[in-house]
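An overview of the molecular structure
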Amino acid sequence: QLQSSEERSGSNSKLLSASLSAAEADNRQLRDELAAILHERKQERLAWEQRMTTLQETNQSLQSKIIEQERLLSSLDTERRIQTQQLAAENEDNRMLVNKLASKVESLDIEVANLRAEIQELTSLKNSLLSECRDKKACIEQITKDS
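Here goes a summary of the coordinates provided.

Parameters at a glance
- Residues numbered from 1 in each chain as written.
- Predicted model: local features only at pLDDT ≥ 70, side-chain atom pairs only at ≥ 80, totals over all residues.
- Heavy atoms only, no water.
- Helix = DSSP H or I, 4+ residues; strand = E, 2+ residues; numbered from the N terminus.
- Salt bridge = Lys/Arg side-chain N within 4 Å of Asp/Glu carboxyl O.
- Buried < 20%, exposed > 50% of the residue type's maximum accessible area, 1.4 Å probe, protein only.

1. With respect to the environment of Glu106
- Tracing the sequence through the fold places Glu106 in helix H1 (residues 2-146).
- Each C-alpha atom of the pair Glu106 and Ser13 lies 134 Å from the other, and the pair is 93 residues apart in sequence.

2. Here we look at the pattern of salt bridges
- All chains considered together, the criterion is met by seven salt bridges.
- When the shortest N-O distance is used, the salt bridge between Glu40 and Arg41 registers 3.9 Å.
- Assessed through its relative accessible area of 43%, Glu40 is described here as partly exposed.
- Assessed through its relative accessible area of 46%, Arg41 is described here as partly exposed.
- Taking the shortest distance from any N to any O, the salt bridge between Arg81 and Asp77 comes out at 2.8 Å. Highlighted residues: Arg81 and Asp77, both in helix H1, separated by four residues, approximately one helical turn.

Laid out in structure tokens, this is it:
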């Protein structure tokens, strides 16, 4: 009985030792799998962090470009406003010049009409004087013939 108890104890001890070895092997395998999973997760995290860094850099670059474009747009808008004001002022100056020129043309038209009337009067006077001279010349010739 003692021997049988010792045999069972040795057998149990072998079973426990085999179980322990199997458990240790399972534990090592689980540790290796866990290490592989952790390494994979670490690689994924590093790749994700790299993507986030790239996205942040791209975002910053785009933000800088947006700010630059907004400045350019503001500058162009200011330039457009200044040019619009200048054109409005030039347009007003041109309108005033056109009005002055129209007034000058009207004055010249009146002056031309007056000169035409004066020329007509002078022509009429000339014709009258010529007629009178012819009459006097004819009279003088007649008197000269008679005497």
